Amino acid sequence: MSLAQDQEQKPDTVKQLDHRYEGIAKVTGKARYAAEFSDPFSKADLVYAFLVQSTIPSGSVKSIDATVATRAPGVISVITPFNAPKLAQGPPQPPARRNLSLLQDASISYNGQPIAVVVAKSLNEAKAAAAMLKIVYTPQPAKLKWEKRLDEARWPKNPGKEPAGNHRGDIHAAFAQAAVTIDNTYITPIQFHNPMETHATIAWWQGDKLTVYDATQYISGVKMSLAKSLNIPVDNVRVIDPLVGGGFGSKGSMWSHVPLCAMAAKVANRPVKLVLDREQMFGLVGARPSTISHIRLAAAQDGTLLGIQHDNVMNVSVLEDFVEHAEGPAKSLYQSGASSVTAKVVEANLGISTFMRAPGEAPGTAVLEIALDELAEKLKMDPIELRLKNYAETDPSHEGRPWSSKHLRECYSQGAEKFGWSARNTVPGQRSDGKWLVGHGMATATYPANRSAAQAIVRLLPGGRMFVASGTQDLGTGTYTIMAQQAAAGLGLDPKMVEVKLGDSTLPKAPVSGGSQSSASVLPAIQDATTQLKLKLIDLAINDAASPLHGLQAADCDVKSGRLISKSQPGKSDGLVELIARNKNQPVEAQGQAEPSEAKDSMSTQSWGAVFAEVGVDRYTGMVKVRRVVGVYDVGVLLNEKTGLNQLMGGMTWGISFATHEHGIVDAATGRIVNGNLAEYHVPVNADVGVLDASVIGIPDLKFNPIGSRGIGEIGITGTAAAIANAIYNATGKRIRQYPITPDKLLMS
Amino acid sequence: MKSFAYSRASSNSEALQAVRTRGASFLAGGTNLIDLMKYRVEQPAALVDINHLALAEIKRTEDGGLSIGAMARNSDLANHPLVRANYPLLSQALLSGASPQLRNMASTGGNLMQRTRCYYFTDVSFSACNKRNPGSGCAALEGYNRIHAILGQTDKGAANGETCIAVHPSDMCVAMAALQAKVGVEGRGGKRTIPFAEFHRLPGSDPSRDTTLREGELITSVTLPPARFAKNAFYLKARDRNSYAFALISVAAGLDLDGSTIRSAGLAVGGVAHKPWRVAEAEQSLAGKSATAENFAHAADLLLHGAHGYEHNRFKIELAKQSVVRALTVAAHGTSEVA
Amino acid sequence: MSTHIDKPSLNASSENAREGLPDNVGQDDHASRSGEHLCASARTEPDAEQLEEFKELERHGLLSELSRRRFVQASSALAASLAFGMPSPVEAQEAPHTQTITLQVNGQPQTLSLDTRTSLLDALREYMDLTGAKKGCDHGQCGACTVLIDGHRVNSCLTLAFAAEGARITTIEGLARTPDPKAIEDLSAVQAAFLVHDGYQCGYCTPGQIISATAAIDEQRKGDLSIVSWHNGQSDRPELTDDEIRERMSGNICRCGAYPNIVAAVRAASKGASA
């Protein structure tokens, strides 16, 4: 597809809000998150549940003596595997496809698994009583130290979105012909999502109807999964979450504490609040698994990639397989003569793994893009030139089918220009600034563009105001803001006139806010709804004797800039405010829906980017400071400049975190996460993040969806980690192939 | 958290009386005690709030040193004009620690009483911790020991009831050690002064005890001798984040220079032992010598002599040596990294 | 939490243990409690399992004199109290100390009856319905709970409510120019700057960031140093450079990664501008 073609099909102009729709609520502390509601139930009735977790990795709970705890002040009930209500649990449902621990049996599969719930009048009382439980375990030998048991690697039972093995061309021949090869092993660690808002639920029953406030990326998913877990009709469950305090994947599934909270509310016969402690965020709500990648590259002397081989092994829980497809990018990021990728798993008594910001692509690009850098160095080629040499014009992983839109070349060139790539020193360890060794590196970013079916409802209200609603979520992603913009654009109104509602499962259904798909799914549904609304308004006007448009053909009418107009008679128009006023101030409502087009299987939809990093490495301590990062992304149009670039920079910050900070450490003897808190599990603080420069190419992808926009939630993390790792190499001459790159590794290598 | 009785003391004597209740503890800034109470590592039956005692004064002593009230907050101490002017090492160490919020809360006395960040100490689910549960063994020795001790530790094997490889986490105390502070305490038996080097202890055969403070004693002040390192001092902190992280290694280095000749030096290392690590011989090796990289490296070797690492923390030996040389080198030029 | 590791046994089944226990605790609180009481009151000794655990631990030398004393005291006292149907000393020890407290929040005194264990953060959030200050870690590791006490920024999660009695407490709800802010003009300079510069994403850390920034600007104005001031040789009235802002705002973690916009907001607010 040519650039010109893309640019010809611009979507309707969308007026952007100056600041976030919910901004004032957020900066004044009035914004309420799941655990912060105290209505409609009586606040005086609200009681607190605390989750008790196992302290062994494998075996079973033999007994729990709750005698003392039950008599402790304020305690209402202690629910254990031995007295919990029995549930007729159905099979776990995707995408909340989780093997939950709902106290239905006493078995233990990981250290930190829920084994009891204490309900008390106050949180202090619940926690104190939890400590009084006398728990006796029957331990079984645990599978730990998975990285020492790679010979046990097996094919995954349920590989998820992609097959676990994929082979194209003759990989052996590629290596036989290669002038230059790379053959190394790269490791990424276990990581924990840690949104600032910990997972939290308030549950209450009115007869057989259950309502929950729940911190979730997927209200409809929680609704379905709760109904399934508790064996109640899905229509009896309502899930509310108007604002999510971050998710990053951990809130994409419903975890055990949600049905346990509902169970506690049933047992206690009161509204129950269950908020996970920060320490409880390390295990029972998912993690990104560690990956060990064996990567081999075969290239001709001119840089042409003859073969890419990526064999990925990761840890999985003994409870269920989750595959982190780190090998994914090796299939399609570059054109190569042959490719061979595999993903295998080794079982361990650890918490269940799950999707975490850019699952697959985050670790995948973090390792593959180091290998590319190593290859470029061996070939004495500029890293960008090597990537251009092997530019995938079509999708190599799908028999060369076309991309819906791809402008990665522009990302490389604009990024290099902004960053000043040409001025870098190509020889490692040659540039310094005081104590800092300074280095530069780059990498390619990529993430699939996804969308799903979604529904929305819009209303034109008296006074030129509008209402739009969809059962989606806002995790800080700007959903409120862009929904208001999209609704307003449909009638040419000011987005400030729009009221938005989301985060309630009684609203029209929308997909999980994960996989960078929310806006790409929900906005087309709003667009469809406003189109329906327009038709209704036109119909109303042409049948309204008092309207200047009375009697016109519907096809002759349109809505522009908040007015109904006649296309053939430019002078004739009717105001939307007047129309509704004449309609006895009755709002006009329309519903809309959208789903991926039929054409989706004939093309590949993917976002792209180029990331450039400058780091300083303290020559005495090995401390790394990321001084600046430039990221240029091809993500279609950006729906709101402020929130969009902010989100991309957030992803880049996660890349910094991936490269230099995050590392979930498992105690080899007990399987406990030893650094399970925010003091020891490091995520970046403000001082760790230098100047970030995010921008987009901005060419709409109208083959992907009618608004021309692909998701931006995850691409920012991809590529950034490797750009930093490559910059660290450029600064120090030390090639670290195990994340995170911390002072000890730099010092000892 | 276990339930406790709360009372406020309005005088030292009232505080000393109140803390005689069984299981009572003093509550100062609370940044470490409340933290550990939430983790159920500390379970006092009563808290005696000493935040309202008249112990926050920072003033010059008769001999030209500095007296710091035990309740002086870390942020106030770091920014006090006399500290900035005469004890930049202390100001730097304080400002390297924790966060602005925590420094506003944390007191001087409380900082001395900070307990280790050893994962196996702070998580009560680990049964083996000789510090928390005397005689139970040491889970860190064969566990994840990246942040642990390389000097002065007790290592008799993981199952032994005396083994402890925990480190003291304070930044302030490392500077205090290099500055040879004295700790003023008050107890039932009256007042006494403890030289800084004797305040914190090595685990020895009883890792449960961090300090030589006696039961019921209240820290009232910390006194610094007249300033020697006002012009040449540097606190270096190597850590995994650029702020708000505990030290992997920290170095407090002060030099009293006569031209390029060192009259005397103050040198202590944090993140390596159960207490701020100071070796008089290392300091003395610099006296009368010129401020050169070779002399600094020699001092570093003396300071790190006998260091022994474990599976995950061997890097600390090299990191400490490099950091000592670097900190002394910066100190030889002034109080900042700006050349 | 007292835990006990049983010897591994291939045929040990959790099913055995389930027998004899009510299927659904809490359906009838009193019934299940009195049921336990009937069982327990027959005991005058620590139960067999406790003793077994005790002996087992002792065999391995894992019980210190201290914990042994505690164990003996607790178990015998427990048995005695159960026998007489009296509240046990164990309970008495855990019984909450509830006292009356008056907290001065955003200029308003509020009198409450609180458990002494209550953190200022929980007092605000759970008992005063001021949910602006957030619980992110509850251990002083993230800064989401930051409030001002007598004008100084502190972590309210590590501050006992009782220790804050008598002090002036300012939360995010008390920062705006008007009591019910609806428009940008109603906001404090820092709040407005965060709004204009999009200095947040999910918003959960935002109240803490804004309180912290408000204090950071004050601290810089009165000449306070940071470690960056020292490192850069600016140990006398340092300017609020971007590096200074980054260091001074490092006590507030933003997992969404809105740091560049937070720095921009603080920079603007420090210059008295929102934009």
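Reading guide: rules and limits
Residues numbered from 1 in each chain as written. Chains lettered and ligands numbered in written order. Predicted model: local features only at pLDDT ≥ 70, side-chain atom pairs only at ≥ 80, totals over all residues. Helix = DSSP H or I, 4+ residues; strand = E, 2+ residues; numbered from the N terminus. Rg over C-alpha atoms; globule rule 2.2 N^0.38 Å. Buried ≥ 20, exposed ≤ 12 C-beta atoms within 10 Å, placed from the backbone. Contact = placed C-beta atoms within 7 Å. UniProt positions renumbered as here; feature names shortened; annotations may be inferred. Pairing = 2+ DSSP bridges. Nonpolar A, V, L, I, M, F, W, Y, C, P; charged D, E, K, R; others polar. Axes fitted to C-alpha atoms, helices over the stretch in contact; angles between N-to-C directions. Core = buried A, V, L, I, M, F, W, Y, C linked by C-beta atoms within 7 Å. Parallel < 35°, antiparallel > 145°, perpendicular 65-115°, else oblique. Left-handed = near helix turned anticlockwise from the far one by under 90°. Domains from an automatic or database assignment.

Draft legend 1. Quick peek at the overall build of chain B. When helices and strands are counted, chain B shows 13 helices and 11 strands. Taking 20 Å as the expected radius of gyration for a compact globule of 339 residues, we find that chain B reaches 19 Å, a close match to that expectation. If one aligns the C-alpha atoms of chain B with their principal axes, the spans along those axes are about 60 × 50 × 35 Å. Across the 339 residues in chain B, those meeting the buried criterion constitute 63%. Of the contacts formed within chain B by residues at least 6 apart in sequence, a portion of 63% connects residues at least 24 apart.

Draft legend 2. Region of the structure containing the UniProt feature "domain: FAD-binding PCMH-type" (unreviewed entry) in chain B. Per the UniProt entry, the sites bearing "domain: FAD-binding PCMH-type" (unreviewed entry) are residues 1-229 of chain B in this numbering. Here residues 1-229 of chain B runs as 26% helix and 17% strand, with 44 Å between its end C-alpha atoms.

Draft legend 3. Summary view of the sheet that holds strand E16 (residues 432-433) of chain A. Residue and element names in this part refer to chain A. Spatial ordering of the open sheet is given by E16-E17-E25-E26-E27, a layout of 5 strands whose pairing is mixed. A single partner strand is all that each edge strand has here, and the edge strands are E16 and strand E27 (689-696). The sheet contact formed by strand E25 (residues 606-618) and strand E26 (residues 624-634) spans 10 bridges and is antiparallel. Of the residues in E26, the one forming a bridge with Phe 612 is Val 630.

Draft legend 4. Spotlight on the interface of chain A and chain B. Listed by partner, the interface residues are 30 residues for chain A and 25 residues for chain B. Looking at the side of chain A that touches chain B element by element, the count peaks at 4 residues for helix H17 (residues 743-748) of chain A. Residue composition of the side of chain A that touches chain B, by class: 14 nonpolar, 8 polar and 8 charged.

Draft legend 5. Representation of the pairing of strand E21 (residues 557-560) of chain A within the structure. Residue and element names in this part refer to chain A. Of the two faces of E21, the one lined by Cys 557 and Val 559 is fully buried and the one lined by Asp 558 and Lys 560 carries no buried residue. Sheet topology note: the E21/strand E22 (residues 563-566) ladder contains 4 bridges and is antiparallel. Considered in E22, the bridge of Lys 560 is made with Arg 563. Remark: 2 residues form the turn of the hairpin made by E21 and E22, two consecutive strands paired antiparallel; Ser 561 in that turn has positive phi of roughly 45 degrees.

Draft legend 6. The arrangement of the sheet that holds strand E11 (residues 261-270) of chain B in detail. Residues and elements named next belong to chain B. Pairing is antiparallel in the open sheet, where 3 strands are placed in the order E9-E10-E11. If you trace the sheet from one side to the other, it starts and ends with strand E9 (233-238) and E11, each paired once. Recorded for the sheet is a direction-independent mean angle of 15 degrees between the axes of neighbouring strands. Where helix H5 (residues 88-96) meets the sheet, its contacts fall on E9 and strand E10 (249-258), and the angle it forms with E9 comes to roughly 20 degrees. The strands that helix H13 (residues 315-333) touches are E9, E10 and E11; relative to E10, the one it contacts most, it runs at about 35 degrees.

Draft legend 7. View of the nonpolar core. Val 118 and Ala 264 of chain A are the most contacted members of the largest nonpolar core, which totals 437 residues. Not counting the four nearest positions on each side in its chain, Val 118 of chain A is found in contact with Ala 49, Phe 50, Val 52, Ala 69, Val 75, Val 78, Ala 126, Ala 129 and Ala 130 of chain A.

Draft legend 8. Representation of the packing of helix H8 (residues 206-221) of chain C against helix H11 (residues 259-270) of chain C. Residue and element names in this part refer to chain C. One can describe the packing of H8 onto H11 by two numbers: an axis separation of 10 Å at closest approach and a directional angle of 45 degrees. Between H8 and H11, the angle is such that the two are oblique. Taken as a pair, H8 and H11 cross one another with a handedness that is right-handed. On H11, the residues touching Gln 209, Ala 213, Ala 216, Ile 217 and Gln 220 of H8 are Ile 262, Val 266, Ala 269 and Ser 270.

Draft legend 9. Region of the structure containing the interface of chain A and chain C. The partner chain C presents 77 residues to the 81 residues of chain A that form the contact. With 8 residues, the top contributor of residues to the side of chain A that touches chain C is helix H15 (residues 641-660) of chain A. A per-class count over the side of chain A that touches chain C returns 41 nonpolar, 27 polar and 13 charged.

Draft legend 10. Quick look at helix H7 (residues 189-196) of chain C. Counting buried residues along H7 of chain C, 8 of its 8 residues qualify, which places the element largely inside the surrounding structure. Within H7 of chain C the residues assigned to the buried category are Ala 189, Val 190, Gln 191, Ala 192, Ala 193, Phe 194, Leu 195 and Val 196 of chain C. Buried residues belonging to H7 of chain C abut helix H2 (23-27) of chain A together with H8 and H11 of chain C. Following H7 of chain C by one or two positions, Asp 198 of chain C has its phi on the positive side, about 55 degrees.

Draft legend 11. Seen up close, the domain arrangement of chain C. Residue and element names in this part refer to chain C. Parsing chain C into structural domains produces domain 1 (21-94), domain 2 (98-174) and domain 3 (184-270). For domain 2 and domain 3, the distance between their C-alpha centroids amounts to 22 Å. The partner domain 3 presents 11 residues to the 14 residues of domain 2 that form the contact. Only strand E4 (146-149) and strand E5 (152-155) provide two or more residues apiece to the side of domain 2 that touches domain 3. A total of 3 residues in the side of domain 2 that touches domain 3 trace back to one element, the largest contributor, which is E4. Tallied by class, the residues present in the side of domain 2 that touches domain 3 amount to 7 nonpolar, 5 polar and 2 charged.

Draft legend 12. Representation of unusual backbone geometry in the model. All names here are of chain A. That bond from Asp 39 to Pro 40 is cis: its omega, 10 degrees, falls within 30 degrees of zero. Omega for the peptide link from Tyr 739 to Pro 740 comes to -5 degrees, which places this bond in the cis form. One can find Pro 740 in the loop between helix H16 (720-732) and H17. We note that Asn 269 has phi near 55 degrees; this positive angle belongs to a residue other than glycine. Positive phi, close to 50 degrees, is recorded for Glu 399, a residue that is not glycine. Residue position: Glu 399 is located in the loop between helix H10 (383-389) and helix H11 (408-419). According to the C-beta neighbour criterion, Glu 399 is exposed, with 8 such atoms within 10 Å.

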